[in-house]
Amino acid sequence: MHLEGGCACGALRYRLNAAPMIVHACHCRDCQRLTGSAFVINLWIEREFVEALRGVAKSCQLAGGTGQGHDVYFCGKCGTYLWSRYHGAPGDALFVRAGTLDDPKAVRPDVHIFTRSKLPWLDLPKGVPASRSFYKIQKVWSADSRERLRRNMSEKPGR
Ligand SMILES: [Zn+2]
Ligand SMILES: [Zn+2]
C-alpha cells in the first residue's frame, strides 16, 4: 500500500510505505478540538513508513489524555494537522490523519475509541468494535499487526 497525502495548501506532502497497523476513529475531546469535527480518523503506522516528500512539519506538544505528552505535527503555512505522536503509545509510531490522504476512502476505522465523548447524533456502524475509552490491543488487532507492533517496540527509537 502506498498512500499519499498532504496539507490543504500543498506545502507538505507525504507517502505511507505500508498499510496502517490499525485505523482508529477517536471521539475524544482533544481530537474533536484539533479537527474541529466529531472525531478524527487516525492511521497508526510505524514512523519509519511515513516518508516526507515535501516540506517539514512543525509541531507542538500537548498533554495527552493519559497524562503523557502528545506531539501534533502541522503545516506551518496553512495549519493543517497531519499526524500525532503519543508518548504513551507503545513503539515508535505516528498517527496519521486519514482526512489528509489524497484518497481518504482507502481506509476505514477498525475501532471507535473514546466513545464516551461521542456526539449524541452520531450512530456508529454495527459490527465495528467500539470502546468508551481505550481498548485491549490483543482483542482488536490482527495477528500480523500485533507482530508488527512487537517489532516496532523492540527497535530503538531513532530520535
Ligand atoms: Zn499547508
Ligand atoms: Zn482522540
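Here goes a summary of the coordinates provided. (Residues numbered from 1 in each chain as written. Chains lettered and ligands numbered in written order. Predicted model: local features only at pLDDT ≥ 70, side-chain atom pairs only at ≥ 80, totals over all residues. Heavy atoms only, no water.)

As for the side chain of Thr100
Then, number 1: Locating Thr100 in the fold gives a position in the loop between β9 (93-97) and β10 (111-113).
Then, number 2: On the basis of relative accessible area, Thr100 is assigned to the buried category, the value being 8%.
Then, number 3: Polar contacts involving the side chain of Thr100 include one to the side chain of Tyr14, which spans 2.7 Å.
Then, number 4: At a separation of 2.8 Å, a polar atom in the side chain of Thr100 contacts the main-chain carbonyl oxygen of Arg97.
Then, number 5: Once residues lying within four places of it in the same chain are set aside, the contact partners of Thr100 are Gly5, Gly6, Tyr14, Thr80, Tyr81 and Leu82. (Helix = DSSP H or I, 4+ residues; strand = E, 2+ residues; numbered from the N terminus. Buried < 20%, exposed > 50% of the residue type's maximum accessible area, 1.4 Å probe, protein only. Polar contact = N/O pair within 3.5 Å; in protein donor to acceptor, adjacent residues only side chain to side chain. Contact = heavy atoms within 4.5 Å.)

What to know about the coordination of the zinc ion (ligand 1)
Then, number 1: Cys7 (SG), Cys9 (SG), Cys75 (SG) and Cys78 (SG) make up the full set of protein donors to the zinc ion (ligand 1), lying at 2.3 to 2.4 Å.
Then, number 2: The coordination sphere of the zinc ion (ligand 1) comprises four donor atoms, whose angles at the metal cover 107 to 111 degrees; the geometry is tetrahedral.
Then, number 3: One chain supplies every donor for the zinc ion (ligand 1), spaced along it as C-x1-C-x65-C-x2-C.
Then, number 4: When its relative accessible area of 33% is taken as the criterion, Cys9 is described as partly exposed. (Donors = N, O, S within 2.8 Å, 3.2 Å for Na, K, Ca; no water. Tetrahedral: all angles 85-135°; square planar, octahedral: opposite > 155°, others 65-115°.)

Side note on the packing of aromatic side chains
In this description, a pair of aromatic rings is defined by centroid distance and the angle of the planes.
Then, number 1: Tallied over the full model, the rule gives six aromatic pairs.
Then, number 2: A centroid spacing of 5.5 Å and a plane angle of 80 degrees characterise the contact between Tyr14 and Trp83, whose relative ring orientation is edge-to-face. Here Tyr14, found in strand β2 (residues 13-16), pairs with Trp83, found in strand β8 (residues 81-86); they are 69 residues apart in sequence, far enough to count as distant.
Then, number 3: With a centroid separation of 4.5 Å and an interplanar angle of 25 degrees, the aromatic rings of Phe134 and Tyr135 are classed as stacked.
Then, number 4: In this structure Phe134 comes out as partly exposed when scored by relative accessible area, which is 35%.
Then, number 5: Given a relative accessible area of 12%, Tyr135 falls into the buried group. (Phe/Tyr/Trp six-rings, centres within 6.5 Å; stacked < 30°, edge-to-face > 60°.)

Section: the environment of Asn152
Then, number 1: Along the chain, the position of Asn152 falls in helix α3 (residues 143-154).
Then, number 2: Spatially, the C-alpha atom of Asn152 lies 19 Å from that of Arg15, the residues being 137 residues apart in sequence.
Then, number 3: Ignoring any residue separated from it by four or fewer positions in sequence, one finds Asn152 in contact with Glu46, Pro90, Gly91, Asp92 and Ala93.

Here we look at the coordination of the zinc ion (ligand 2)
Then, number 1: Surrounding the zinc ion (ligand 2) are the protein donor atoms Cys26 (SG), Cys28 (SG) and Cys31 (SG), which sit 2.1 to 2.3 Å from the metal.
Then, number 2: Along the chain, the residues donating to the zinc ion (ligand 2) fall in the pattern C-x1-C-x2-C. Both residues of the pair, Cys26 and Cys28, count as buried.

Quick word on the pairing of β8
Then, number 1: In this structure, strand β7 (residues 69-74) lies alongside β8, joined through five bridges in antiparallel fashion. When the sheet's bridge partners are listed, Asp71 is paired in β8 with Arg85.
Then, number 2: The antiparallel hairpin formed by β7 and β8 contains six residues in its connecting segment, where Gly79 sits at a positive phi of about 85 degrees.
Then, number 3: Pairing geometry for β8 and β9, over two bridges, is antiparallel. The residue of β9 that forms the bridge with Ser84 is Phe95.
Then, number 4: Adjacent in sequence and paired antiparallel, β8 and β9 are bridged by six residues, among which Gly91 carries a positive phi angle near 80 degrees. (Pairing = 2+ DSSP bridges.)

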